[in-house]
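# Structural overview for review
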Amino acid sequence: MKEELAKAYDPKETEGKIYRLWEEGGGFQPRTKNSEQRTYAIHLPPPNITGSLHMGHALNATIADILIRYHRMKGDKTVWFPGTDHAGIATQNVVEKQLKKEGMSRWDLGREKFIEKVWEWKNKYGNIIIEQLKKLGASADWSRLRFTMDENYANWVKKAFIHYYEKGLIYRGKRIVSWCVACQTSLSDLEVEYKEESGKLWFIKYPIVAPTPRGRSDNYVIVATTRPETMLGDVAVAVNPKDKRYKNLIGKKILLPLQNREIPIIADDKIDMIFGTGAVKVTPAHDLLDAEIGERHKLEPIDIIDERGRMTAAAGEKFKGLKVAEAREKVVRELEEAGLLEKIEDYKHNVAICYRSGTVLEPLRSNQWFLRMVDHPQNPKSIRQSADKNQKLGTSLRDAVLNAVKSGKVKIIPENFEKILFSWLENIHDWCISRQIWWGHQLPVWFHEPKCIPKKGHESDVVKCKEMVVAVEKPQCEFCDAEFKQSEDVLDTWFSSALWPFAGLSEADLKDFYPSNVLITARDIINLWVGRMIFSGLEFQKAMPFPEVLIHATILTKEGKRMSKSLGTGIDPLGLIEKYGADATRFGIIWQTMGTQDIHWDEAAVQAGKKFANKLWNIARFSLMKIENSKFKIQKLKLQVKIQNNEDRKILQKLDEVKKIVEKNINSYEFGPALHALYDFIWHDFADKYIELVKDRQDEEADLVLQHALFSILKMLHPFMPFITESIYQKIGLEKKDLLMIESWVD
RNA sequence: GGGCAUUUAGCUCAGUGGUAGAGCGUUGCAUUCACAUUGCAAAGGUCACUGGUUCAAUCCCAGUAAUGCCCACCA
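Residues numbered from 1 in each chain as written. Chains lettered and ligands numbered in written order. Predicted model: local features only at pLDDT ≥ 70, side-chain atom pairs only at ≥ 80, totals over all residues. Heavy atoms only, no water.

- As recorded by an unreviewed UniProt entry, chain A carries the name Valine--tRNA ligase.
- Comment text from UniProt for chain A, heading Subunit (unreviewed entry), reads "Monomer."
- Quoted verbatim from the Sequence similarities (unreviewed entry) field of the UniProt record, the comment on chain A reads "Belongs to the class-I aminoacyl-tRNA synthetase family." (UniProt positions renumbered as here; feature names shortened; annotations may be inferred.)

Structure (structure tokens):
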């Protein structure tokens, strides 16, 4: 059927229709086209259900969509796996905020009701971002949509936990963790952020017990601290063993002010002689370094701050129950009154804050679960720098990742981001995987109720009752009637995200599409996510989850600053789609994607994309009109005539060159250059020159070359600008015709 | 404190060991011919700075400066 093309391209009129056409045509599902059975798979980094599309997602999804559409046209059995992440703390915070507006807290509701509320919220808002990705033209297979809390995904999470536990890699212990008083949970190292703060450095006099000669000023040691209130939990004062100033004080005792406790002066080479006074108060319960020192010197920690951020009884009667800030004031005041405050200096330093709530974190000791990262004391630095790529590493999870990257089993693109991974791995601590929030995967850990009622005939076996069982299902005690109760902790969200390349996939998909071909992601989650997916894949699938990791650009503001919602500097991709159309938006993004250089966002590129779309539209309008009026109707897409005319030969040759450039660029993830080449060719070679030349020609060859070039252009441009190319293609009067999206690539 | 990256036209960015390129913007001309969301043309640059290698450096090397990003348990 003939259909007149409008004079200008209208994305609004087109995009919805075309997307439905694709979906109804089953274009997103994988299919086998050639006999080679090559597969191509990408996993969408699952966006948080709390999120809405930002430029980073748009860039990521556009890149993935280009690769997916290209490989699909190439004939590979292609699939793009989409899904969303339950995003533990983030989602819980959103729902808690909502509750707060109603004057409630999660505690008022109770755990069960609260989780119901979160599910309600998820069902209502959790797929917004998926709908937004569709607007962008993402050709993901929505029939394979997953959620990190789906039932079989959850089963994988439990399986993984139990596997690690039985292997001895998961352990429970009372350790210092970063504790968020607002979220009431522990955080992993990677969830801690730092904020510069102008604080104070207090210099406190600690009297030495063994009296030095009277009247001398050295009958106390001065320590400098940013957190005077923690002195209530001091168990020692540490100095560097090489420090001459304190050499003869080592081993002597100090009478801890306000607490009137005797504590030793110890030597530890971790102490920096330059900083402060060179003497450090040691509070092993509330500082990581101090905990390390405390352990080395076998000093018992004293917990003086509790999980609500209040002082405990151990802080002393006067301080018990006070908030940390209040305690600080009071400690300072009392020290001053006692004449033990030497001086106060202004001091700028970084304080650790919660990446979700922004609250200052309290390092404190808490019962948590850890995943062991390192299994032997080998110096990792020497591993990385070693020239011998086959050098044996240990079998720890950390070493598995190191090994994979070092041996090239996984390639990080660009290569220099390997360093980010290496430096994290070199200093890695065991991963605190338990959280005290409610929304997430509850640990498959069961505790025996303390009250034990022995079964008949088992009165003497009661001692054999297990206190704790790690299992998928609730266990039953052999010897008594006491109920097992599931641990209230949930797992760190990233524990489940780490299983993303395989968890929740059907067995058939796992067989066909594991490993996937490339992981596309932003640099800020290289450690948080990529590193953990690598060891999870190796652990549970015995193979790398992906051979390549493409770290794409970060989109910054035009001024080169980070885009931030709170500062209002963020660009909304949906606004761009609304204003210019999805193709123009994709064009604008990719136009600026040169290598992996960060992008200083310039909307002019999107405007250029809109103009280009219109140009293409009119190229098609002219070409189709000419061909329609020609006696030489289109039969096939292939050009099968011998070319006589020189101009024809020239344009076909150029077309072939462009094809090679585009293929080469896509294969090496150079999307910007590919688009620039297409743009130049289409506008300046094809439209400006060839079409002008061909206007007066009436011969068959001209018409055939014109249509061949047009089809080739539509195909090559399709991965970049899918809507308009498909829309034009659908208007071509061919006999047998499929969707352009599954049409075969230019040959 | 450590690491990485960037610096080229008014703006956002490509690029090459041998007279410098695009998009947007600017200026002039053209046009009821597919497209004014157009065509043709023009103006506009000591390629951050200093030194080195070279017959020749915007490009390679070293250093400096500015900017940005990431990592880090200095009290």
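Read on for the rest.
## Considerations on the packing of aromatic side chains
- Summed over all chains, the structure comprises 34 aromatic pairs.
- Ring centres of Phe587 and Phe612 lie 5.4 Å apart, and the angle between their planes is 45°; on these two criteria the pair is classed as tilted. Of this pair, Phe587 sits in helix α17 (residues 582-591) while Phe612 sits in helix α18 (residues 604-629), and the two are 25 residues apart along the sequence.
- Ring centres of Phe612 and Trp683 lie 6.3 Å apart, and the angle between their planes is 15°; on these two criteria the pair is classed as stacked. On the criterion of sequence distance, the pair formed by Phe612 in helix α18 and Trp683 in helix α20 (residues 671-694) is long-range, its members being 71 residues apart. Residues Phe612 and Trp683 agree in their burial class; the two are buried.
- One residue, Lys159, lies across the ring of Trp156, its end atom 4.0 Å from the ring centre.
- Lying over the aromatic face of Phe622, Lys695 brings its terminal NZ or CZ to 5.9 Å of the ring centre. (Phe/Tyr/Trp six-rings, centres within 6.5 Å; stacked < 30°, edge-to-face > 60°. Helix = DSSP H or I, 4+ residues; strand = E, 2+ residues; numbered from the N terminus. Buried < 20%, exposed > 50% of the residue type's maximum accessible area, 1.4 Å probe, protein only. Lys NZ or Arg CZ within 6 Å of the ring centre and 35° of its normal.)

## Observations regarding the side chain of Glu701
- Note that Glu701 resides in helix α21 (residues 700-717).
- The side chain of Glu701 is buried and forms no salt bridge, while Arg697, the nearest opposite charge, is found at 4.3 Å. (Lys, Arg positive; Asp, Glu negative; His and termini not counted. Salt bridge = Lys/Arg side-chain N within 4 Å of Asp/Glu carboxyl O.)

## Topic: the protein's contact with RNA strand B
- Taken together, 46 residues form the shell around RNA strand B, and within it Asp272, Phe275, His600, Asn618 and Trp683 come nearest.
- Within 4 Å of the protein, atoms of RNA strand B come from sugar and phosphate in 66% of cases.
- Contact between RNA strand B and Asp272: a base nitrogen at 2.5 Å from a main-chain N or O atom of the residue.
- At 3.4 Å, a side-chain N or O of His429 approaches a base nitrogen of RNA strand B.
- Mapped by element, the contributors of at least two residues to the surface near RNA strand B are β8 (220-225), α8 (288-296), β13 (341-354), α12 (418-426), α18 and α20.
- Ranked by residue count, the leading element in the surface near RNA strand B is α18, at 10 residues. (Near = heavy atom within 4 Å. Polar contact = N/O pair within 3.5 Å; in protein donor to acceptor, adjacent residues only side chain to side chain.)

## Re the side chain of His71
- Locating His71 in the fold gives a position in helix α2 (residues 55-74).
- For His71, a relative accessible area of 13% puts it in the buried group.
- Aside from chain neighbours lying at most four places away, what touches His71 is Tyr40, Asp76 and Thr78. (Contact = heavy atoms within 4.5 Å.)

## Examining helix α16 (residues 573-580)
- Within α16, the full set of buried residues consists of Pro573, Leu574, Leu576, Ile577 and Tyr580. Buried positions in α16, seen along its axis, are confined to an arc of 155° and lie on one side of it. More than 90 degrees from the buried face of α16, the exposed residues found are Glu578 and Lys579.
- Structurally, α16 contributes buried residues whose contacts are with α1 (11-24), α2, α6 (128-136), α17 and α18. (Arc of directions from axis to C-beta.)

## A closer look at the packing of α17 against α20
- Where α17 contacts α20, the two axes come as close as 8 Å, and the packing angle between them is 120°. Where α17 approaches α20, its residues Phe587, Ile590 and Trp591 are matched on the opposing element by Phe671, Gly672, Leu675, His676 and Tyr679.
- Tallied by class, residues from the contact of α17 with α20 come to 6 nonpolar, 2 polar and no charged. (Axes fitted to C-alpha atoms, helices over the stretch in contact; angles between N-to-C directions. Nonpolar A, V, L, I, M, F, W, Y, C, P; charged D, E, K, R; others polar.)

## Quick notes on the sheet that holds strand β20 (residues 484-486)
- The 3 strands lie next to each other as β19-β18-β20, forming an open sheet whose pairing is antiparallel. Because the sheet does not close on itself, it has two edges, and the strands there are β19 (468-470) and β20. Strand-to-strand, the axes of this sheet are offset by a mean angle of 30°, without reference to chain direction.
- In terms of strand pairing, strand β18 (residues 445-448) meets β20 through 3 bridges, oriented antiparallel. Bridge pairing in β20 places Phe447 opposite Lys485. (Pairing = 2+ DSSP bridges.)

## What to know about unusual backbone geometry
- Here the bond from Ile413 into Pro414 is cis, since omega is -5°, no more than 30 degrees from zero.
- For the bond from Tyr514 to Pro515, the omega torsion is -5°, close enough to zero to count as cis.
- With respect to the helices, strands and loops of the structure, Pro515 is situated in the loop between α14 (507-513) and β22 (519-521).
- In this model, Lys542 sits at a positive phi of 60°, which is unusual for a non-glycine residue.

## Observations concerning the nonpolar core
- Core analysis: the biggest nonpolar cluster contains 100 residues, and Leu67, Phe686 and Phe720 have the highest contact counts within it.
- Among the elements that take part in this core, α20 stands out by supplying 13 residues, more than any other.
- Contact partners of Phe686, with chain neighbours within four places excluded, come to Ile619, Ile651, Phe681, Ile691, Leu706, Ala709, Leu710 and Ile713.
- Residues Tyr164, Leu397, Trp424 and Phe495 belong to the second largest nonpolar core, which totals 58 residues. (Core = buried A, V, L, I, M, F, W, Y, C linked by side-chain atoms within 4.5 Å.)

## Some words on the environment of Ile433
- Turning to its location among the elements, Ile433 is positioned in the loop between β16 (431-432) and β17 (434-435).
- The spatial distance from the C-alpha of Ile433 to the C-alpha of Trp369 is 5.8 Å, given a sequence separation of 64 residues.

## Quick word on the sheet that holds β8
- With antiparallel pairing, 3 strands are arranged side by side in an open sheet as β8-β7-β13. Strands at the two margins of the open sheet, each flanked by one partner only, are β8 and β13. Strand-to-strand twist of the sheet, defined as the mean angle between neighbouring strand axes without regard to direction, takes the value 20°.
- As judged from the 13 bridges shared by strand β7 (residues 192-207) and β13, these two strands associate in the antiparallel manner. Within β13, the position partnered with Ile204 by the bridge is Leu341.

## Let's talk about the pairing of strand β23 (residues 548-551)
- Here β23 shows two buried faces, one formed by Glu548 and Leu550 and the other by Val549 and Ile551.
- One ladder, built from 3 bridges, connects strand β15 (residues 411-413) with β23; its direction is parallel. Across the sheet, the residue bridging to Lys411 is Glu548, located in β23.
- In this region the chain leaves β22, passes through helix α15 (residues 526-541) and returns to the parallel neighbour β23; the handedness of that crossover is right-handed. (Right-handed = clockwise from strand over helix to strand, strands pointing away.)

## A word on the pattern of salt bridges
- By the definition in use, this model includes 44 salt bridges.
- The residue Lys17 makes a salt bridge to Glu13 at a minimum N-O spacing of 3.0 Å. One end of the pair, Lys17, and the other, Glu13, are both in helix α1, 4 residues apart, so they sit about a helical turn from each other.
- Residue class for Lys17 comes out partly exposed when judged on its relative accessible area of 48%.
- On the basis of relative accessible area, Glu13 is assigned to the partly exposed category, the value being 44%.
- Put simply, Asp703 and Lys626 hold a salt bridge, and the shortest N to O gap is 3.1 Å. Of this pair, Asp703 sits in helix α21 while Lys626 sits in helix α18, and the two are 77 residues apart along the sequence. As far as the burial class goes, Asp703 and Lys626 line up, both buried.
- Within the structure, one salt-bridge network assembled from shared partners comprises Arg227, Glu229, Arg328 and Glu362.

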